[in-house]
Amino acid sequence: MNYRHLLVSLAATLLGSCVTSPTGRSQLMMVPDSQMNQMGLTAFNDMRKQGKFVDAPRERAYATCVANALIAVLPAPWNTQSWEVQIIGDDSANAFALPGGRIGVNKGMFKVATDQDQLATVLGHELSHVVARHGAERVSDNMATQAAVAAGTIYAGSRGTNAGYAAAALGLGAEVGILLPFSRTQESEADTLGQRYMAQAGFDPRAAVTLWDKMGAQGGSKPPAFLSTHPSSGNRAQALNQQAQQLLPVYQQARSHGRAPDCRL
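The notes below deal with the structure included here. (Residues numbered from 1 in each chain as written. Predicted model: local features only at pLDDT ≥ 70, side-chain atom pairs only at ≥ 80, totals over all residues. Heavy atoms only, no water.)

1. Quick word on unusual backbone geometry
Condition: Under the DSSP-based scheme used, a helix requires at least four consecutive residues in state H or I and a strand at least two consecutive residues in state E, with every element numbered from the N terminus. Only protein chains enter the accessibility calculation, which uses a 1.4 Å probe; a residue whose area is less than 20% of its type maximum is buried, one above 50% is exposed, and one in between is partly exposed.
Look at the link from Ala76 to Pro77: it is a cis peptide, with omega at 5 degrees. Looking at the secondary structure, you find Pro77 in the loop between α3 (57–71) and β3 (84–88). A positive phi angle is found at Arg133, which is not glycine, with a value near 55 degrees. Owing to a relative accessible area of 30%, Arg133 belongs among the partly exposed residues under this scheme.

2. Some remarks on the packing of helix α5 (residues 116–131) against helix α8 (residues 207–216)
As a reminder of what qualifies: Note on definitions: angles span 0 to 180 degrees between N-to-C directions of axes, and those axes are lines fitted to C-alpha atoms, for helices only across the stretch in contact. For classification purposes, angles smaller than 35 degrees are called roughly parallel, those larger than 145 roughly antiparallel, those between 65 and 115 roughly perpendicular, and all remaining angles oblique. Only heavy atoms matter for contacts: two residues are in contact if any of them lie within 4.5 Å across the pair. When residue character is reported, Ala, Val, Leu, Ile, Met, Phe, Trp, Tyr, Cys and Pro are called nonpolar, Asp, Glu, Lys and Arg charged, and the others, Gly included, polar.
Contact geometry for α5 and α8: axes closest at 8 Å, N-to-C directions at 80 degrees. The pairing of α5 with α8 is recorded here as roughly perpendicular in orientation. On the side of α5, the interface is formed by Asp117, Gln118, Thr121, Val122 and His125, while α8 contributes Ala207, Ala208, Thr210, Leu211, Trp212 and Lys214. Split by residue class, the contact of α5 with α8 holds five nonpolar, four polar and two charged.

3. Some thoughts on the pattern of salt bridges
Two side chains of opposite charge can pair, provided their charged atoms sit close to one another. Threshold: Salt-bridge detection follows one rule: a side-chain nitrogen of Lys or Arg within 4 Å of a carboxyl oxygen of Asp or Glu.
Tallying each qualifying case throughout the model produces nine salt bridges. Of the charged contacts in the structure, one is a salt bridge between Arg25 and Glu137, with a shortest N-O distance of 2.7 Å. Remark: Glu137 occurs in helix α6 (residues 134–158) and Arg25 occurs in the loop between β1 (18–20) and β2 (26–28); sequence separation between them is 112 residues. Here Arg25 and Glu137 have matching classes, each one buried. For the salt bridge of Arg236 with Asp191, the shortest nitrogen-to-oxygen distance reads 2.7 Å. Of this pair, Arg236 sits in helix α9 (residues 233–256) while Asp191 sits in helix α7 (residues 163–200), and the two are 45 residues apart along the sequence. Each member of the pair Arg236 and Asp191 is classed as buried. One network of salt bridges, in which partners are shared, links Arg25, Glu137 and Glu189.

4. Re the nonpolar core
Most often, soluble globular proteins have nonpolar side chains that are buried together. This is how it is decided: In plain words, nonpolar cores are sets of buried Ala, Val, Leu, Ile, Met, Phe, Trp, Tyr and Cys residues tied together by side-chain atoms within 4.5 Å.
Ranked by size, the top nonpolar core spans 42 residues in total, and within it Val66, Leu70, Ile103, Val105, Leu119 and Leu123 carry the most contacts. Look past the residues within four positions of Val105 in its chain and what remains in contact with it is Ala63, Gln86, Ile87, Ile88, Asn94, Ala95, Phe110 and Leu123. Membership of the second largest hydrophobic core comes to five residues, among which are Phe44, Met47, Phe53 and Leu98.

5. Notes on the sheet that holds strand β5 (residues 102–106)
Stated precisely, the cut-off is as follows: Strand pairing is defined by DSSP finding a minimum of two bridges between the two strands.
Overall, mixed pairing links the three strands, which are arranged β3-β5-β4 in an open sheet. The two strands at the open ends of the sheet, each matched to only one other strand, are β3 and β4 (95–98). Sheet twist, expressed as the mean angle between neighbouring strand axes with direction ignored, is 15 degrees. Here β4 runs beside β5; their pairing, made up of four bridges, is antiparallel. Bridge pairing in β5 links Leu98 to Arg102.

So this is what it looks like as structure tokens:
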């Protein structure tokens, strides 16, 4: 296939694979949900086989309580999906949700997210990655980037340019210009959706500000905000605080309608 035909094929594929995220953002989606679900289940089962999960019934019941309250307000089909929560024997503050209905929470997260509202911030954020199909979007972005690099390499070869040099240059440009900004966008979108879901579930949205302030205070070497896959902690707290005020009526209405989670460790 020559360069022109490759570009035409790539453009046709991209144009036929655009969808809209829950916040109205345009997304490239080249991977079906069924494939992502299988990938999520496979990854989770691999962790199980590797002995990553620990017997922590109190923590697991607590995290499941918070997760179930959030799942109840997710859009279909995620609100009717069967979800499993496991605790991971890792002291770092981390958690994840996977396509296919699987959630993992590190033991270290409970030292930072010290009440149900703060844990709902974390799990709401992670569940939002699944609802917004961020995993499939990242896979699709990588597929499109690799195709574009291949096309550029072919073109460079046809013009007498060193193909290896061109591939390296295009790869760096693609990473800084496409993949990382999308990752930051995905993280911000998960913040927005997660805070919305926690308010609808009856968790205090103001806890999101507290939680991310505590996460930011964990210290350690951090990359520059421009090359980070997460928004800077200051920008993140400001955005979360603004949205928390807007979501207070939603939270209060949820509580008045009986959505009042009582999850305790």
